Amino acid sequence: MCILCYQGKPQDHSRDSQLGRRDFLKTTAAGGAAAGLGLFATRPATANGDDAPEDSGKRGRRYIIRGGAVMTMDPKVGDFPNADVLIEGKKISAVGPNLHAGGAAEIDARGKVVMPGFIDTHHHQAWTPIRSSIPDSILINDFTGTASAEQNYAINVLGFGAAPARPGFAEHYRPDDVHIGELYGGLSQLDAGVTTVHDISQIHHSKEHSLAAIQALRDTGRRAKFGFFESAGGVDGGSWYPSGANFLRNNVLSSDDSLVTMVMGGEVYLGNATTRQSWTIGRNLGLQVAAHILSPFGIRPILDQLTGVSPDVVDGSGADLRGIEIGADNLFVHMTGMSDAAWEKVALTGAKVSIAFPIEMNMRHGMPPILKMQQLKAKFGIDFEPSLSVDVETNMTADFFTQMRSAMTMQRMVVNQKILELGTFSPPFTSQWPLPPYPADIPPLLNARDVLRFATINGAKHLRLDGKTGSLTSGKEADIIILDGNHLNVFPMNNVPGAVVTMMERSNVETVIVAGKVRKWKGKLLDVDLGRMRRELENTRDFLYGEVGRPQNLFP
Ligand SMILES: [Zn+2]
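Residues numbered from 1 in each chain as written. Predicted model: local features only at pLDDT ≥ 70, side-chain atom pairs only at ≥ 80, totals over all residues. Heavy atoms only, no water.

Caption draft 1: Quick peek at the coordination of the zinc ion. With distances of 2.0 to 2.6 Å, the protein atoms coordinating the zinc ion are His122 (NE2), His124 (NE2), His292 (NE2) and Asp391 (OD). Here the zinc ion binds four donor atoms, and the angle range of 79 to 168 degrees at the metal identifies the geometry as irregular. Along the chain, the residues donating to the zinc ion are arranged with the sequence spacing H-x1-H-x167-H-x98-D. Exposure class is identical for His122 and His124. Each is buried. (Donors = N, O, S within 2.8 Å, 3.2 Å for Na, K, Ca; no water. Tetrahedral: all angles 85-135°; square planar, octahedral: opposite > 155°, others 65-115°. Buried < 20%, exposed > 50% of the residue type's maximum accessible area, 1.4 Å probe, protein only.)

Caption draft 2: Quick peek at the layout of surface pockets. For the second largest pocket, the calculated volume is near 560 Å³. Lining the second largest pocket are 19 residues, with Arg131, Ser132, Arg541, Tyr545 and Leu554 positioned closest to its centre. Sort the elements by how many residues they give to the lining of the second largest pocket and helix α17 (residues 530-548) lands first, with five residues. A class-by-class count of the residues in the lining of the second largest pocket yields eight nonpolar, six polar and five charged. (1 Å grid on protein atoms, 1.4 Å probe; cavity = no way out; pocket = protein on both sides within 12 Å on 5 of 7 lines; lining within 4 Å. Points joined across faces, edges and corners; volume = space filled by probe spheres on them. Helix = DSSP H or I, 4+ residues; strand = E, 2+ residues; numbered from the N terminus. Nonpolar A, V, L, I, M, F, W, Y, C, P; charged D, E, K, R; others polar.)

Caption draft 3: Looking closely at the pattern of salt bridges. Summed over the entire model, instances satisfying the criterion amount to 30 salt bridges. The shortest N-O distance in the salt bridge between Asp55 and Arg61 comes to 3.4 Å. A salt bridge links Asp142 to Arg364; the shortest N-O distance between them is 3.0 Å. With a gap of 222 residues between them, Asp142 in the loop between β6 (118-123) and α2 (147-150) and Arg364 in the loop between α10 (357-363) and α11 (370-380) connect regions that are remote in the sequence. What makes Arg364 exposed here is its relative accessible area of 52%. Shared partners join several salt bridges into a network, and the residues in it are Arg223, Asp257, Lys468, Glu477 and Asp479. (Salt bridge = Lys/Arg side-chain N within 4 Å of Asp/Glu carboxyl O.)

Caption draft 4: Region of the structure containing empty space enclosed by the protein. Inspection of the entire model under this criterion finds two cavities of 30 Å³ or more. Looking at the largest cavity, its volume works out to about 140 Å³. Going through the elements one at a time, β10 (289-294) and α10 are the ones with two or more residues in the lining of the largest cavity. The residue makeup of the lining of the largest cavity, split by class, is nine nonpolar, five polar and one charged.

Caption draft 5: The arrangement of the side chain of Thr456 in detail. Mapped onto the elements, Thr456 comes out in the loop between α14 (448-455) and α15 (457-462). Judged by relative accessible area, which is 0%, Thr456 ranks as buried. Setting aside chain neighbours within four positions, we find Thr456 in contact with Met73, Met115, Pro116, Gly117, Phe118, Ile119 and Gly470. (Contact = heavy atoms within 4.5 Å.)

Caption draft 6: Looking closely at the pairing of strand β7 (residues 194-199). Among the six residues of β7, six are classified as buried, and the element is accordingly described as predominantly covered. At this point the chain moves from β7, through helix α5 (residues 207-220), to the parallel strand β8 (residues 223-228), and the crossover so formed is right-handed. (Right-handed = clockwise from strand over helix to strand, strands pointing away.)

Caption draft 7: Examining a nonpolar patch on the surface more closely. On the surface, a cluster of nonpolar side chains totalling about 360 Å² of accessible area is made up of Phe429, Trp433 and Leu435. Its location among the elements puts Trp433 in the loop between α13 (429-432) and α14. In this structure Trp433 comes out as exposed when scored by relative accessible area, which is 53%. (Patch = residues over 30% accessible without salt bridge, like charges linked within 9 Å, V, L, I, M, F, W, Y side chains within 5 Å. Areas by Shrake-Rupley, 256 points an atom, 1.4 Å probe, with all protein chains shown as cover.)

Caption draft 8: Seen up close, the pairing of β10. Counting buried positions along β10 gives six out of six residues, so the element sits mostly inside the fold. Of the two faces of β10, the one holding Val289, Ala291 and Ile293 and the one holding Ala290, His292 and Leu294 are both buried throughout. Pairing of strand β9 (residues 260-265) with β10, which is carried by two bridges, proceeds in the parallel orientation. Following the sheet pairing, Met264 is matched in β10 by Val289. Pairing analysis gives six bridges linking β10 to strand β11 (residues 330-336), with the strands arranged parallel. Note on β11: the bridge partner recorded for Ile293 is His334. With helix α8 (residues 300-306) bridging β10 and its parallel neighbour β11, the resulting β-α-β unit is right-handed. (Pairing = 2+ DSSP bridges.)

This is the structure:
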């Protein structure tokens, strides 16, 4: 619960860097809100990080990253085999070779890659306590009796259709469980170089749950969009979501200039009346409206109605969708199994699409629609590309190197096979290895630069944050990662985009900077008491497993 709101009437403290949630969670000069909880340690003078630039991110503080291979992800700025990035306060003030920086502190980036942090446009961070709990699952039970069916996500996490047994983890979450799950999951991604997240935790059982999630995003200290979605398991009976968005936007997240800002959840599988309400509220509040769009929840005909390619239908509650239309303010996740006609409308209205490659392939969402997007981009000559989403750690890592490699390998598998099938698999050469021109519906192979773009600037555009982050551009805020190319798994670097996408993983993420502030330094997160957090996370895990009556079995 937000302490400041308890001091009287609700206030706008969206500009406060840290908020206290519990009475023992007090803001301190040393470590921010979570210091009182012991989750963030005050840095001892001798600890790692002692030689990090002092007071980084504070107004007027300058430091320079020297001599790195700088991949800006801004085509107007380009790439540099050997250049510097100057940071002043929160912002990047210059990028280029041999910058003069006066007496600014220096970070030596020789042999390292300097690039913008990764941006995750769809993540259910609250599920961190139940990581890898259902690794074999598909989305919905298909009654095969296999592990994939028995572990299904819909019942075991969301608790769909299972009352009164309450087997879903989600409905049992208390606000404190939300806080530690979100905080630990956020720090984990920060450690892996993901500096911005769109958190779609469907855990809004009450106002306290929502405030706990926002508190955790702020305590994490990275850039975040708080997605206000429904209460999975329906604990709130519909009373807090979606109307609670008005309170949150007006009292807690009113500034669009803070590290943590807001997106409206507008799921279309909750019935036409709720869709109308959530989309209307979100748009009235000036927010983006995001939704999961995938065929297994009956959404294909709904998207056909929202895009106007099929007539409106009155649903079981007697409500229709007339007057509710998709627009450039929509962020759609997955987009698997949608009709060709609806796809064209989505592309032409400028709606954004986030693809969760590993999850969609594993959990029977359907084929990740990358070829579809490439075909529409070519057909209409528009900027229509995905951003990347990690989705759920119940099933797969939230690491972005996995995201990029999955995107590239999945797309190339399909395209390569299509090309091989143009021939006969037998000599002559041009039949076993068909040569262009290829049919127009076979898009070009994705390359390393493509997936890096998906993982950085596309994510920024899709969250309306490209004025602040997504590339190393003077004037943007400094969300920067330094990746070590000297490690055993990478050295020698011969192609920077290739090294990052095909060789690297989290152990190469040496330094992480968010809005100018150094958060990870020489391989270690700064000012974090991970031991204390692990105990909290285990307590929550034990509680949730107990509530659903599931044995804790490490080898099920
Ligand atoms: Zn999702």
